[in-house]
Amino acid sequence: MTSLTRFLDVYPEYVATSILDDLRATEYGRLDRLGHVYLDYTGGGLYARSQITDHLQLLADRVLGNPHSASPSSAETTGFVERTRARVLAYFNGTDDYTAIFTSNASSAMKLVGESFPFEPGGRLLFTTDNHNSANGIREFAHAKGVAAEYAPLTLPDLRLDRPETERLLEHADRGRANLFVFPAQSNFSGVKHPLDLVASARARGWHVLLDAAAFVPTSRLDLQQVAPDFVAVSFYKMFGYPTGIGCLLARKSALAALRRPWFAGGTVNFATVQGRLHLLSPGEAGFEDGTLNYLSIPAVEIGLSHLERIGLETIETRVRCLTGWLLTRLLELKHGNSRPMVRVYGPASTTLRGGTVTLNLYDPDGHLVDYRRVEELAGLEGISLRTGCFCNPGVGETAEGLTEDDIRAAVATDADMTLPRFLQFVQHRGGKSAGSIRVSFGLASNFADAERFVTFAAGFRDQTSLTLGAVTFDIESCRVIRDGS
Ligand SMILES: Cc1ncc(COP(=O)(O)O)c(C=O)c1O
């Protein structure tokens, strides 16, 4: 039985996603033409050829000026911007309660909330330990206003939210103050899909909720009517590859009204005077879109959304789930000649409530960690694009490796210019721990051959002993890291 037959036996629903094989040949033909195995969709999606040609055509046929005036070229641009805004809202099923604010990416969407949120002593800021640094950074705004960040823990080995503890932390909000709860709909580290009913649970207890949907929306549908968060951050290039440089903050209008912008800029004011030292912020989204929007690229967002809708998000989700399930099974089956497992996967080993991001480390026959930087180099030589490191999500890595506050403080004390490679070296020598891993992720142009190419690549580490970092032994069965000789 070939591996494809075995795969289709386990995942017969994959056949119904064959439209993506056709698109792979037409719209994404460059992948196979260049022999490229792209496995970094969580880093960035890939654009279809027609997205580029349609956008090019649109630009070539029109005169588009800066949208902030009444000229014909400006009016045409404004038309595109507002049409795209309406399309974005419709895509996420936002009704009149919501607005979409164009930003440069998901990070700047979250920063808009962080810098404007009315934190005050007695109010709270709660994160899940699984959060991207672009969300974690909000704690600096809170700190400056006398609010310390708290973190809800994750459970091992699946790296899911510790729900009882999260509920306990949510219980303690003072409803008389502004409280902000921030969590990702899907982890960019482990692929875990966090429970979206937490949004309602938190809001009912007096919290505003900022949902980081950057890693979720490329393969899953987010329905604002069902989930109803106060704020949502997304980056469009993660959904459909092009354009880069545009994201949005979807905001409930009533929650937006509670924000206090710390400055004003061109485009955000209805009125500003120098002599009077006054300004009147524009209402709604206009008050949050600083300066000139990336107006030539905004129409490409509509083109991208149409592309996704033509394929159907359910088709993408099904394909990604099948490939992820297959990859997990195949990787966890890999054994060295001495029967020891070769791969440790961080997070759930099944596709239940998880997306197409698989983070792992490779180990040699004695359980020594294989240097993930070397893995990335070798993958590159084979035309495989993957990610390594901590993926800007330190909380999950720290939980997975059991890194403590002491470990981190000791590392920073030894080196004021700490970088991830130096930190990795330090924690290895101190406690035999690791602080980095390998991430592969699937998306709309992925196919079975991509998954198999990665499995074959990983299998190439069987019985290899020369690529380890030394000193670290990881016992996969007990999930324990042991130092050599200990
Ligand atoms: C979950 C999550 N949040 C936020 C971001 C930040 O996105 P951007 O760099 O586009 O602002 C990313 C990017 O990888 C992400 O995966």
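Treat the numbers as computed from the prediction; the structure is a model and nothing was measured. (Residues numbered from 1 in each chain as written. Predicted model: local features only at pLDDT ≥ 70, side-chain atom pairs only at ≥ 80, totals over all residues. Heavy atoms only, no water.)

### Observations regarding the site of the ligand
Here is step 1: Around the ligand there are 13 residues in total, and Ser107, Asp212, Ser235, Tyr237 and Lys238 lie nearest to it.
Here is step 2: With respect to the ligand, the side chain of Lys238 contributes an N or O atom lying 2.7 Å from an oxygen atom.
Here is step 3: Here the ligand, which alone exposes 390 Å², has 89% of that area covered by the protein.
Here is step 4: Listed by contribution, the elements that provide at least two residues to the shell around the ligand are α6 (106-116) and α12 (236-240).
Here is step 5: The element best represented in the shell around the ligand is α6, accounting for 3 residues.
Here is step 6: When the residues that make up the shell around the ligand are grouped by side-chain class, the tally is 5 nonpolar, 6 polar and 2 charged. (Near = heavy atom within 4 Å. Polar contact = N/O pair within 3.5 Å; in protein donor to acceptor, adjacent residues only side chain to side chain. Areas by Shrake-Rupley, 256 points an atom, 1.4 Å probe, with all protein chains shown as cover. Helix = DSSP H or I, 4+ residues; strand = E, 2+ residues; numbered from the N terminus. Nonpolar A, V, L, I, M, F, W, Y, C, P; charged D, E, K, R; others polar.)

### Notes on the pattern of salt bridges
Pairing between side chains of opposite charge can happen when their charged atoms approach one another.
Here is step 1: Enumeration over the complete set of coordinates arrives at 32 salt bridges.
Here is step 2: A salt bridge links Glu115 to Arg261; its shortest N-O distance comes to 2.9 Å. Separated by 146 residues along the polypeptide, Glu115 in helix α6 and Arg261 in the loop between α13 (253-257) and β11 (269-273) bring together distant segments of the chain.
Here is step 3: Exposure remark for Arg261: the relative accessible area of 12% places this residue in the buried category.
Here is step 4: The partner of Asp174 in a salt bridge is Arg177, and the shortest N-O contact between them spans 3.5 Å.
Here is step 5: Three or more residues joined by partner-sharing salt bridges are found here, namely Arg163, Glu167, Glu171, Asp197 and Arg205. (Salt bridge = Lys/Arg side-chain N within 4 Å of Asp/Glu carboxyl O. Buried < 20%, exposed > 50% of the residue type's maximum accessible area, 1.4 Å probe, protein only.)

### Brief notes about the sheet that holds strand β2 (residues 98-103)
Here is step 1: One open sheet accounts for 7 strands, arranged β2-β10-β9-β8-β7-β3-β4; its pairing is mixed. Each having just a single partner strand, β2 and β4 (149-152) make up the two edges of the open sheet. Sheet twist, expressed as the mean angle between neighbouring strand axes with direction ignored, is 20°.
Here is step 2: Sheet topology note: the β2/strand β10 (residues 247-252) ladder contains 6 bridges and is antiparallel. The residue of β10 that forms the bridge with Phe102 is Cys248.
Here is step 3: Against the sheet, α6 contacts β2, β7 (179-184), β8 (208-212), β9 (231-235) and β10, and its axis sits at roughly 155° relative to β9.
Here is step 4: Here helix α9 (residues 163-171) sits on the sheet and contacts β3 (124-128), β4 and β7; the angle it forms with β4, its principal contact strand, is near 150°. (Pairing = 2+ DSSP bridges. Axes fitted to C-alpha atoms, helices over the stretch in contact; angles between N-to-C directions. Contact = heavy atoms within 4.5 Å.)

### Overview of the sheet that holds strand β13 (residues 343-346)
Hydrogen bonding along the main chain pairs the strands of a sheet, whether they run parallel or antiparallel.
Here is step 1: The 4 strands lie next to each other as β13-β14-β18-β17, forming an open sheet whose pairing is antiparallel. Edge positions in the sheet fall to β13 and β17 (387-389), since each of these pairs with one other strand and no more. Direction aside, neighbouring strands of the sheet carry axes that sit 30° apart on average.

### Notes on unusual backbone geometry
Here is step 1: Residues Leu156 and Pro157 are joined by a peptide bond in cis, for which omega reads 0°.
Here is step 2: Checked against the element boundaries, Pro157 lands in the loop between β5 (154-155) and β6 (160-161).
Here is step 3: Cis peptide bonds are those with omega within 30 degrees of zero, and the linkage from Tyr242 to Pro243 qualifies with 5°.
Here is step 4: Within the fold, Pro243 resides in the loop between α12 and β10.

### Let's talk about the pairing of β2
Here is step 1: Across the 6 residues of β2, 6 count as buried, placing the element largely inside the fold.
Here is step 2: Alternating positions in β2 separate into two faces, Tyr98, Ala100 and Phe102 on one and Thr99, Ile101 and Thr103 on the other, with burial throughout.

### Here's the deal with the nonpolar core
Here is step 1: Core analysis: the biggest nonpolar cluster contains 102 residues, and Val88, Phe92, Phe236, Leu360 and Phe454 have the highest contact counts within it.
Here is step 2: Counting residues per element, this core draws most heavily on helix α15 (residues 313-333), at 9 residues.
Here is step 3: When residues no more than four places from it in sequence are discounted, the contact partners of Phe236 are Val88, Phe102, Gly241, Pro243, Ile246, Gly247, Cys248 and Val301.
Here is step 4: Within the second largest apolar cluster, 27 residues are counted, among which are Phe119, Val147, Leu249 and Ala255. (Core = buried A, V, L, I, M, F, W, Y, C linked by side-chain atoms within 4.5 Å.)

### Some details on the pairing of β8
Here is step 1: Extensive coverage of β8 is indicated by the burial of 4 of its 5 residues.
Here is step 2: Two elements, β7 and β8, share 5 bridges in a ladder whose sense is parallel. Paired with Leu180 across the bridge in β8 is His208.
Here is step 3: In the classification by handedness, the crossover that spans β7, the intervening helix α10 (residues 197-204) and the parallel β8 is right-handed.
Here is step 4: Here 3 bridges tie β8 to β9, and the two strands are oriented parallel to one another. If you follow Asp212 over to β9, its bridge partner there is Ala233. (Right-handed = clockwise from strand over helix to strand, strands pointing away.)

### Details of the side chain of Arg354
Here is step 1: Mapped onto the fold, Arg354 is located in the loop between β13 and β14 (357-362).
Here is step 2: Buried and unpaired, Arg354 has no salt bridge, with Asp158 as the nearest side chain of opposite charge at 8.2 Å.
Here is step 3: In terms of polar contacts, Arg354 uses its side chain to reach the backbone carbonyl oxygen of Ser190, at 3.3 Å.
Here is step 4: A polar atom in the side chain of Arg354 sits 3.1 Å from the backbone oxygen of Pro348.
Here is step 5: In this view, Arg354 contacts Ser190, Gly191, Val192, Lys193, Thr324, Leu328, Val345, Tyr346, Gly347 and Pro348; residues no more than four positions away in its chain are not counted. (Lys, Arg positive; Asp, Glu negative; His and termini not counted.)

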